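Examination of the molecular architecture
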Amino acid sequence: VRPLLEAGATVVAVMRSSEKRWADFIAFAKGSAGTLLAPVPAGRATGSDEELAKAAGADLLSDAPGISEWLLRCGSEASGPVTLCTYLYADGEANVRLTA
């Protein structure tokens, strides 16, 4: 997704909670021509990049209904065409459930 951000795309990213990974991703996005949208649970503070990195993230298996609702909302609020790409992996049986 980094090339998409570099090209100026708005990227709606779903990744599990990991403060370091989100901090790296947020820093990259800020230095790009694109816009990064991240899932954040209601009520979590996101005033700074550090707070956002701590709060961002979701698990596609356990948070599927909420993520689906959020993705649909992002798509309906988009100002132009939306393209959905999936880059998923989990070990073993979880990979089958995740990609189903």
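Residues numbered from 1 in each chain as written. Predicted model: local features only at pLDDT ≥ 70, side-chain atom pairs only at ≥ 80, totals over all residues. Heavy atoms only, no water.

The biggest cluster of nonpolar side chains holds eleven residues, and these are L5, V11, A13, M15, W22, F25, I26, A29, L36, A53 and A56. Residue contributions to this core peak at four residues, all from helix α2 (residues 19-30). (Core = buried A, V, L, I, M, F, W, Y, C linked by side-chain atoms within 4.5 Å. Buried < 20%, exposed > 50% of the residue type's maximum accessible area, 1.4 Å probe, protein only. Helix = DSSP H or I, 4+ residues; strand = E, 2+ residues; numbered from the N terminus.)

Right, let's talk about helix α4 (residues 64-77) for a bit. Under the 1.5 Å per step criterion, the end-to-end length of α4 is 20 Å for 14 residues, consistent within 8% with the ideal 20 Å. Among all positions in α4, only I67, W70 and C74 are buried. Projected down its long axis, α4 shows its buried positions confined to an angular sector of 65°, all on one face. In α4, the exposed residues that point more than 90 degrees away from the buried face are P65, E69, L72 and S76. On the buried face of α4, the contacting elements are β1 (10-12) and β2 (35-37). (Expected span 1.5 Å × (residues − 1). Arc of directions from axis to C-beta. Contact = heavy atoms within 4.5 Å.)

Nonpolar side chains collect at one region of the surface, where V1, L4 and Y87 lie side by side and expose about 300 Å² of accessible area between them. Within the secondary structure, L4 sits in helix α1 (residues 2-6). (Patch = residues over 30% accessible without salt bridge, like charges linked within 9 Å, V, L, I, M, F, W, Y side chains within 5 Å. Areas by Shrake-Rupley, 256 points an atom, 1.4 Å probe, with all protein chains shown as cover. Salt bridge = Lys/Arg side-chain N within 4 Å of Asp/Glu carboxyl O.)

Turning our attention to the packing of aromatic side chains. Where two aromatic rings form a pair, the distance of their centres and the angle of their planes describe that pair. With the rule as written, the count across this model stands at one aromatic pair. Ring centres of W22 and F25 lie 6.1 Å apart, and the angle between their planes is 50°; on these two criteria the pair is classed as tilted. Remark: F25 and W22 occur in helix α2; sequence separation between them is three residues, near one turn of the helix. Judged by relative accessible area, W22 falls into the buried class, the value being 0%. Over the ring of F28 we find R2; its NZ or CZ atom is 4.6 Å from the centre of that ring. (Phe/Tyr/Trp six-rings, centres within 6.5 Å; stacked < 30°, edge-to-face > 60°. Lys NZ or Arg CZ within 6 Å of the ring centre and 35° of its normal.)

Here S32 shows up in the loop between α2 and β2. There is a polar contact of 3.1 Å between the side chain of S32 and the backbone nitrogen of G34. Other than its neighbours up to four places away in sequence, S32 contacts L5 and E6. (Polar contact = N/O pair within 3.5 Å; in protein donor to acceptor, adjacent residues only side chain to side chain.)

When the terminal C-alpha atoms of α2 are compared, their 16 Å separation across twelve residues agrees well with the 16 Å that a helix rising 1.5 Å per residue should span. Along α2, the residues classified as buried are W22, F25, I26 and A29. Seen from one end, α2 has its buried residues packed into an arc of 100°, which puts them on one side. Of the exposed residues in α2, the ones pointing more than 90 degrees away from its buried face are K20 and A27. Buried residues along α2 sit against α1, β2 and α3 (49-55).

For side chains bearing opposite charge, pairing can occur when the charged atoms are close. Per the counting criterion, the structure on display carries four salt bridges. Note that E69 is salt-bridged to R73, the shortest N-O span being 3.7 Å. With a gap of four residues between them, E69 and R73 both fall in helix α4, about one helical turn apart.

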